[in-house]
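Chain by chain, the residues run as shown.
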Amino acid sequence: MKALIIAEHAAAAAELVAGARTMADEVVAISFGGAYECGADKVLNITVPEGLTVDSAVETVNAAFDAENPEVVLVEACRHMKVIAGSLAFHADTAVITDVTAFEAAGAKSMYFGGIAERVQKAAGNVAIYTIGAGVFDGAEGANGSVAEQEWVAPARPVKVVSSQVIEKSGVNLFKADVVVAAGRGFAEESQLSMANDLCDKLGAGLACSRPLTEGVNWLPTERYVGVSGLMLTPKAYIAVGISGQMQHMVGCNRSGAIFAINKDKNAPIFKQCDFGLIGDIKDVLPAITAAL
Ligand SMILES: Cc1cc2nc3c(=O)[nH]c(=O)nc-3n(C[C@H](O)[C@H](O)[C@H](O)COP(=O)(O)OP(=O)(O)OC[C@H]3O[C@@H](n4cnc5c(N)ncnc54)[C@H](O)[C@@H]3O)c2cc1C
């Protein structure tokens, strides 16, 4: 069986190649803007012309798919790659099974209803396309068998970049952090986040948050919020501080090794979803924990 990997990021490519090895005996990976060291038998690199978005590679990906004729396609579950997965499925006359969290004998497991239920689906056609998030497979950089440039096919309806700006990224890579401290609306003012940062420093943790702390008050960048419309994280420990436990948030952390919750309301929904709960006020609890560590 042949598998095709489509990934925008090198780390995702390495994970998907490792996963594909459990399903296929030949693995071809598509990279964008430089061949990733992902251990594929063959890497097809796509160079997106300046001024176009990665999504504009749809027709180029379709051409690579036609030439390789894979039976299974594993796609990184990020925004651009999901666009490509949808278009490829249309091209290949099949469907996409999205946001797979595990593969089992009966099929691919994924969450639905925003994460309050799970289902197992099996592709019925000749080719199966899955979008898969970080952490489903363990992967490491590996030498590629061969690397080739995939000829660019101009898209019929390109999206042009009008302007762009680099967003300064700071702190720990949340996808790789063993421990994540997540701050919520329980923090009454921005200056209180120093208590969460102090705890992060002691634990070597990354600081994440619930959506209101980014889009509501803009205390933290949008790249840090966890949930159905944000990051899906799988750290060993997730410490939710002043977070109520709404389903839209918990979907992004409920595959953590252990969830710890700190909340002053003993009836907060998060206490029904965590492994360890501590009822208390952030202002008392966080400095005490940090001092004790
Ligand atoms: C379509 C849609 C998509 C969404 N996507 C996301 C998403 O991806 N991620 C996300 O996070 N949200 C998302 N939301 C928003 C989500 O529904 C919740 O509103 C949000 O997660 C709540 O954030 P919170 O828990 O920080 O705040 P709140 O729900 O306001 O909870 C704050 C908690 O802090 C506690 N608290 C208050 N003061 C203290 C204190 N001093 N000490 C200790 N505890 C205290 C309170 O008891 C409360 O439980 C989405 C909503 C919609 C409609």
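Note that the coordinates shown come from a computational prediction; the quantities given were computed from them, not determined experimentally.

1. Comments concerning the overall build of the protein
- Looking only at helices and strands, the protein features 7 helices and 14 strands.
- The C-alpha radius of gyration of the protein comes to 21 Å, within 12% of the 19 Å expected for a compact globule of 293 residues.
- Projecting the C-alpha coordinates of the protein onto the three principal axes gives extents of approximately 60 × 45 × 35 Å.
- In the protein, which comprises 293 residues, the share counted as buried stands at 46%.
- In the protein, the share of contacts with a sequence separation of at least 24, taken over all contacts with a separation of at least 6, comes to 61%.
- Only carbon and sulfur atoms are counted for the fraction: they give 51% of the accessible area of the protein, which is about 14700 Å².
- Distance between charge centres in the protein, computed from 22 positive and 33 negative side chains, equals 7 Å.

2. Side note on the packing of aromatic side chains
- Scanning the model with the defined rule gives 3 aromatic pairs in all.
- With centroids separated by 4.9 Å and ring planes inclined at 90°, the aromatic side chains of Phe103 and Tyr130 adopt a geometry described as edge-to-face. Of this pair, Phe103 sits in strand 5 (residues 96-104) while Tyr130 sits in strand 8 (residues 128-132); the two residues are 27 residues apart in sequence, bridging distant segments of the chain.
- Ring plane angle 10° and centroid distance 5.9 Å describe the contact between Phe103 and Phe137, whose orientation is recorded as stacked. Of this pair, Phe103 sits in strand 5 while Phe137 sits in the loop between strand 8 and strand 9 (146-149), and the two are 34 residues apart along the sequence.

3. A short note on the domain arrangement of the protein
- Taken as a whole, the protein is organised into domain 1 (2-149) and domain 2 (179-292).
- The straight-line distance from the C-alpha centre of domain 1 to that of domain 2 is 31 Å.
- Contacts between the two partners involve 10 residues from domain 1, matched on the other side by 6 residues from domain 2.
- Roughly 610 Å² of surface becomes buried between domain 1 and domain 2 when both sides are summed, with 55% attributable to carbon and sulfur atoms.
- Our count for the contact surface shared by domain 1 and domain 2 stands at 0 salt bridges.
- Taken together, domain 1 and domain 2 are joined by 1 residue pair in polar contact (both at pLDDT 80 or more).

4. Looking at the pairing of strand 13 (residues 258-263)
- Across the 6 residues that make up strand 13, a large majority, 5, are buried.
- Of the pairings in the sheet, the one linking strand 12 (residues 237-241) to strand 13 comprises 5 bridges and is parallel in character. Bridge pairing in strand 13 links Val241 to Ile262.
- As paired strands, strand 13 and strand 14 (residues 276-279) are joined by 4 bridges and run parallel to one another. Each bridged residue has a counterpart across the sheet, and for Ala261 the counterpart in strand 14 is Gly277.

5. Side note on the site of the ligand
- In the vicinity of the ligand lie 24 residues, with Arg185, Ser210, Val226, Ser229 and Ser244 positioned nearest.
- Val226 places a polar main-chain atom, nitrogen or oxygen, 2.7 Å from a nitrogen atom of the ligand.
- A distance of 3.2 Å separates a nitrogen atom of the ligand from a polar side-chain atom of Asp281.
- Contact with the protein chains removes 72% of the 990 Å² of surface that the ligand exposes when unbound.

What counts, and at which threshold
- Position numbers for residues start from 1 in each chain and track the written sequence from start to end.
- Only residues with pLDDT of at least 70 are given local features in this predicted model, and only at 80 or more are side-chain atom pairs given and counted; all residues enter the totals for whole chains, interfaces and linings.
- As a rule here, side-chain values cover all heavy atoms of the structure and leave hydrogens and water aside.
- Helix and strand assignments follow DSSP, with helices taken as H or I runs no shorter than four residues and strands as E runs no shorter than two, numbered in order from the N terminus.
- Computation of the radius of gyration draws on C-alpha atoms, with the globule rule given as 2.2 Å multiplied by the number of residues to the power 0.38.
- Only protein chains enter the calculation, and the probe is 1.4 Å; a residue is then buried if its accessible area is under 20% of its type maximum, exposed if over 50%, and partly exposed in between.
- Any two residues having at least one pair of non-hydrogen atoms within 4.5 Å are treated as being in contact.
- The Shrake-Rupley method, run with a 1.4 Å probe sphere, supplies the accessible areas, and residue values consider only the shown protein chains as cover.
- We treat Lys and Arg as the positive residues and Asp and Glu as the negative residues; His and chain ends play no part in the count.
- Lys charges are placed at NZ, Arg charges at CZ, Asp charges at CG and Glu charges at CD.
- Ring pairs shown here join Phe, Tyr and Trp side chains whose ring centres sit within 6.5 Å, with only the six-membered ring taken for Trp; geometry is labelled stacked below 30 degrees between planes, edge-to-face above 60, and tilted in between.
- Annotation comment: domain bounds sourced from an automatic or database domain assignment.
- Defined here as a combined quantity, buried area equals the accessible surface (1.4 Å probe) lost by two parts on assembly, summed across both.
- The working definition used for a salt bridge is a side-chain nitrogen of Lys or Arg within 4 Å of a carboxyl oxygen of Asp or Glu.
- The term polar contact refers here to a pair of N or O atoms within 3.5 Å; inside protein, the definition further demands a hydrogen-donor-capable atom paired with an acceptor-capable atom, and it admits residues adjacent in sequence only when both atoms are side-chain atoms.
- Any two strands between which DSSP finds at least two bridges are classified as paired.
- By convention in this text, a residue qualifies as near a molecule or strand provided that one of its non-hydrogen atoms is within 4 Å of it.

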